[in-house]
Amino acid sequence: AQSVTQLDSQVPVFEEAPVELRCNYSSSVSVYLFWYVQYPNQGLQLLLKYLSGSTLVKGINGFEAEFNKSQTSFHLRKPSVHISDTAEYFCAVRGGSYIPTFGRGTSLIVHP
Amino acid sequence: DTGVSQDPRHKITKRGQNVTFRCDPISEHNRLYWYRQTLGQGPEFLTYFQNEAQLEKSRLLSDRFSAERPKGSFSTLEIQRTEQGDSAMYLCASLASTGELFFGEGSRLTVL
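Fair warning: this is a prediction, and the values are worked out from it, not measured in the lab. (Residues numbered from 1 in each chain as written. Chains lettered and ligands numbered in written order. Predicted model: local features only at pLDDT ≥ 70, side-chain atom pairs only at ≥ 80, totals over all residues. Heavy atoms only, no water.)

**Describing the state of the cysteines**
Residues and elements named next belong to chain B.
- Within the structure shown, the criterion is met by 2 disulfides over all chains.
- Residue Cys-23 pairs covalently with Cys-92 via a disulfide, S to S 1.9 Å. The chirality of the disulfide connecting Cys-23 with Cys-92 is left-handed, given an S-S dihedral of about -70 degrees. Of this pair, Cys-23 sits in strand β3 (residues 19–24) while Cys-92 is found in strand β9 (residues 88–95), placing the two residues 69 residues apart along the sequence. Accessibility classification places Cys-23 together with Cys-92 in one group, the buried group. (Disulfide = S-S within 2.5 Å. Helix = DSSP H or I, 4+ residues; strand = E, 2+ residues; numbered from the N terminus. Buried < 20%, exposed > 50% of the residue type's maximum accessible area, 1.4 Å probe, protein only.)

Set out below in structure tokens:
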């Protein structure tokens, strides 16, 4: 079985400040890890993914994430956020099956 | 490549009525997924297909729910005898060979 925990339901931050959205997972096998973003009234779109190789992965819009196997984490970071980054962010894990499991999401709220 | 499309985008129905949603995945993707998303939650897996074969269904999926993918292309999700608890966003996604899901914009169901 696999699961994802996003501990923070909301993260408020001021524009141009750095941000970290936390994601921890559990799986008994090797995993693929993903971060998706959902803007209001839209579907989810991929920000970045870890399949293998370098543990630091870079995605779109200046986001990056680091896979930490010992801590079973895949935290998402951005050094300087913009108002337009306000959205819902979902971490997902895919283990031994073809079925990705999603976390409950973190709402990033960027204040001017 | 026109992306994943879902129809209708919004459906309002009375309790006890049947509803059907359609999903057209990206044409070269042979795996298609249905997820359900309620307010403040992440996508919850319902079922998935590889070509026309339905390979897995969530234990949470009531027998009022049925999904088909008759020719391995588009898929339908039918809910019979709808209940207010069925109100949610129904998301369709297809799996790329590069490992990530591509989502449609969802079909929002409101049961009165």
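**Brief notes about the packing of aromatic side chains**
- The final tally for this structure, using the stated rule, is 14 aromatic pairs over all chains.
- Here the aromatic rings of B:Tyr33 and B:Tyr48 are separated by 4.9 Å at their centres, their planes lie at 10 degrees, and the arrangement is stacked. With B:Tyr33 in strand β4 (residues 31–37) and B:Tyr48 in strand β5 (residues 44–50), this pair connects stretches of sequence that are 15 residues apart.
- Classification of B:Tyr48 by relative accessible area gives buried; the value is 6%.
- Put simply, the rings of A:Phe34, A:Tyr36, A:Phe102, B:Tyr33, B:Tyr35, B:Phe45, B:Tyr48 and B:Phe103 pair up and form one aromatic cluster. (Phe/Tyr/Trp six-rings, centres within 6.5 Å; stacked < 30°, edge-to-face > 60°.)

**Some points on the pairing of strand β5 (residues 32–38) of chain A**
- By the criterion of burial, β5(A) is predominantly enclosed, with 6 of the 7 residues buried.
- Count of turn residues in the β5(A)/strand β6 (residues 44–50) of chain A antiparallel hairpin: 5 residues, of which A:Asn41 carries a positive phi of about 60 degrees. (Pairing = 2+ DSSP bridges.)

**Here we look at the interface of chain A and chain B**
- Contacts between the two partners involve 18 residues from chain A, matched on the other side by 21 residues from chain B.
- Carbon and sulfur atoms supply 57% of the area buried between chain A and chain B, which totals about 1600 Å² over both sides.
- Our count for the contact surface shared by chain A and chain B stands at 1 salt bridge.
- The partner of B:Glu100 in a salt bridge is A:Lys49, and the shortest N-O contact between them spans 2.7 Å.
- Put simply, chain A and chain B have 8 residue pairs in polar contact (both at pLDDT 80 or more) between them. (Contact = heavy atoms within 4.5 Å. Buried area = accessible area lost by both parts, 1.4 Å probe. Salt bridge = Lys/Arg side-chain N within 4 Å of Asp/Glu carboxyl O. Polar contact = N/O pair within 3.5 Å; in protein donor to acceptor, adjacent residues only side chain to side chain.)

Purely geometric numbers; function is a separate question.
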